[in-house]
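A closer look at the structure
As a plain string of letters, each chain reads:
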Amino acid sequence: MRYCFGVDVGGTTVKMGFFQEDGVLLDKWEIKTRVENEGAAVLPDIANSISEKLVEHQVTKEDVVGIGMGVPAPVTKEGVVKNTANLGWGYKEVKRELEELTGMNAYIGNDANVAALGEMWIGAGKGYKNLVMVTLGTGVGGGIIIEENVLVGTNGAGAEIGHINVNPNETENCGCGNKGCLEQYASATGIVRLAKRKLADTTEATVLNVETVTAKDVFDAVKENDKVALEIADEFGSYIGRGLSIVATMCDPEVFVIGGGVSKAGEILLDYIKEPFMKYAFFANEDVKFVLAQLGNDAGIYGAARLTL
Ligand code: ZN
């Protein structure tokens, strides 16, 4: 049996997994992401942690296929990151540095793309070759897989579906600097923004509180048939349904896998996405399935491990 490592680098923690090459997860742990000094310690910390695990599991480097790693930034095919929002890294040859530090092969990808690969390998996308993963978290991430290959693109920015413009009339800025991006309506923070706007100009009775409302509150209230919450969910759905209908025309997927914190709302979330999707979808895309992600926070380490195989 040979082995591989899957590493999911986040702004506060690095999640790590030690796998058999058939996908069996043998060990899972986390280390802190030390972002100070332009993130200089991040890769050495990862390399040290991996070499400790090799000793602990009595496995030699020769038995390791490689180290796969997802990072929260666009990553080129050569494993180069040009900038990061929350790791402190500027231009960094991540693949080369990690290989030098560990003496093992390293494979680097964008975290959302890597999560898509994880869901295809072991999770909700198992058995599919063409899938789109949509991560509804603090932002909206995307991963597009075509014939089992991740769409990376020229700058490593393929499948940045959170930044599809779905509202040319928006006046507030997205984190990317544009206005009207899907992320402004379909992320957890986007849903809160929609809710606050709605709550500020409605006189309807509602359980939602304009000061404290969260995305979870909105979908909990939807399940109680709260009229204002239903309207917020409809608005959320119209933006994401339309956005995904555009994505579908580009890559004609078999399935959309919906993950991230917002997806904890459950199956009801899919209904709110599917209905407007069908309204805008090109006829040939109408049979696409919508499923909830299954791997949760582990999608990143599974997908990263899959990169090595
Ligand atoms: Zn944007």
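What comes next is a walk through the structure.

Procedures and definitions
Counting starts from 1 at the beginning of each chain's written sequence and moves along it residue by residue. Only residues with pLDDT of at least 70 are given local features in this predicted model, and only at 80 or more are side-chain atom pairs given and counted; all residues enter the totals for whole chains, interfaces and linings. In computing side-chain values, all of the structure's heavy atoms are included and hydrogens and water are not. Strands qualify as paired when DSSP identifies two bridges or more between them. The numbering of helices and of strands both runs from the N terminus, where a helix is a DSSP run of H or I of at least 4 residues and a strand a run of E of at least 2. Contacts were defined at the residue level, with two residues in contact if any of their heavy atoms lie within 4.5 Å. Simply put, an axis is a line fit to the C-alpha atoms, just over the touching stretch for a helix, and the angle between two N-to-C directions goes from 0 to 180 degrees. Coordinating donors are taken as N, O and S atoms within 2.8 Å of the metal, stretched to 3.2 Å for Na, K and Ca; because water is absent from the atoms, sites can appear incomplete. Angle rules define the geometry names used: all angles between 85 and 135 degrees makes four donors tetrahedral, while opposite donors over 155 degrees apart and all other angles between 65 and 115 make four donors square planar and six octahedral, leaving every other case irregular. Relative accessibility decides the category of a residue: with a 1.4 Å probe and only protein chains considered, values under 20% of the type maximum give buried, values over 50% give exposed, and everything between is partly exposed. When describing relative orientation, an angle under 35 degrees is termed roughly parallel and one over 145 degrees roughly antiparallel, while 65 to 115 degrees is termed roughly perpendicular and anything else oblique. Crossings are assigned a handedness: left-handed for a near helix turned anticlockwise from the far helix by less than a right angle, right-handed for a clockwise turn. What a helix should span is 1.5 Å times the count of its residues minus one. Paired rings are identified among Phe, Tyr and Trp, the last through its six-membered ring, by centres lying within 6.5 Å, and are further divided according to the angle between planes into stacked (under 30 degrees), edge-to-face (over 60) and tilted (the rest). Only Lys NZ and Arg CZ are tested; either one counts as a charge over a ring when it is within 6 Å of the ring centre and within 35 degrees of the ring normal.

**A few points about the sheet that holds strand β10 (residues 149-150)**
Ordered in space as β10-β9-β8-β11-β12, the five strands form an open sheet in which the pairing is mixed. The open sheet has two edge strands, β10 and β12 (289-292), and neither has a second partner. Against the sheet, helix α4 (residues 111-121) engages β8 (131-136), β9 (140-146), β10 and β11 (255-259), with an angle of about 55° to β9. Each of β8, β9, β11 and β12 touches helix α8 (residues 227-251); the most contacted strand, β8, lies at about 150° to it.

**A short note on the sheet that holds strand β1 (residues 3-9)**
Across the sheet, which stays open at both edges, the five strands sit in the order β3-β2-β1-β4-β7 with mixed pairing between neighbours. In this open sheet, the two edge strands, each paired with only one partner strand, are β3 (25-32) and β7 (106-110). Geometrically, the sheet is characterised by an average inter-axis angle of 15° between neighbouring strands, direction not taken into account. In terms of strand pairing, strand β4 (residues 64-71) meets β7 through five bridges, oriented parallel. Bridged to Gly-70 within β7 is Gly-109. The sheet contacts of helix α3 (residues 94-102) involve β4 and β7, and relative to β7 the element is tilted by about 145°. Contacts from α4 reach β1, β4 and β7 within the one sheet, and its direction differs from that of β7 by about 105°.

**Notes on the coordination of the zinc ion**
The zinc ion binds to the protein through His-163 (ND1), Cys-174 (SG), Cys-176 (SG) and Cys-181 (SG); the donor distances cover 2.0 to 2.3 Å. Geometry at the zinc ion is tetrahedral, judged from its four donor atoms and the angles of 108 to 116° they form at the metal. Written as a sequence motif, the donor residues of the zinc ion are H-x10-C-x1-C-x4-C. Each of the two residues, Cys-174 as well as Cys-181, counts as buried.

**A closer look at the packing of helix α2 (residues 42-56) against α3**
At a minimum axis separation of 9 Å, α2 and α3 run at an interaxial angle of 40°. Classified by the angle their axes make, α2 and α3 are oblique. As for the relative orientation of α2 and α3, their crossing is right-handed in sense. On the side of α2, the interface is formed by Leu-43, Pro-44, Ile-46 and Ala-47, while α3 contributes Val-94, Glu-97, Leu-98, Leu-101 and Thr-102.

**Details of the pairing of β4**
Among the eight residues of β4, eight are classified as buried, and the element is accordingly described as predominantly covered. Of the strand pairs in this sheet, β1 and β4 are connected by six bridges, and their pairing is parallel. The partner of Cys-4 across the bridge, within β4, is Gly-66.

**Considering α2**
Its 15 residues place the ends of α2 21 Å apart at the C-alpha level, agreeing with the 21 Å of an ideal helix rising 1.5 Å per residue. If you check which residues of α2 are buried, you get Val-42, Leu-43, Asp-45, Ile-46, Ala-47, Ser-49, Ile-50, Lys-53 and Leu-54. Immediately downstream of α2, the backbone of Gln-58 shows phi near 55°, a positive value.

**Some details on the packing of aromatic side chains**
Per the counting criterion, the structure on display carries 13 aromatic pairs. Between Phe-219 and Tyr-272 the ring centres are 6.4 Å apart and the planes differ by 75°, which places this aromatic pair in the edge-to-face class. Placement of Phe-219 in helix α7 (residues 215-223) and of Tyr-272 in helix α9 (residues 267-280) is noted, with a sequence separation of 53 residues between them. Across the pair, exposure class does not vary: Phe-219 and Tyr-272 are buried alike. Pairing Phe-256 with Phe-277 gives two aromatic rings, centres 5.8 Å apart and planes at 70°, and the pair type is edge-to-face. Of the two residues, Phe-256 is situated in strand β11 and Phe-277 in helix α9; the sequence distance between them amounts to 21 residues. This pair shows no difference in class: Phe-256 is buried, exactly as Phe-277 is. Following the ring pairs from residue to residue traces out a cluster consisting of Tyr-3, Phe-5, Phe-18 and Trp-29. Positioned over the ring face of Tyr-107 is Lys-95, at 5.1 Å from the centre of the ring. Lying across the ring of Tyr-185, Arg-193 places its NZ or CZ 5.4 Å from the centre.

Keep in mind these numbers describe shape, not what the thing actually does.
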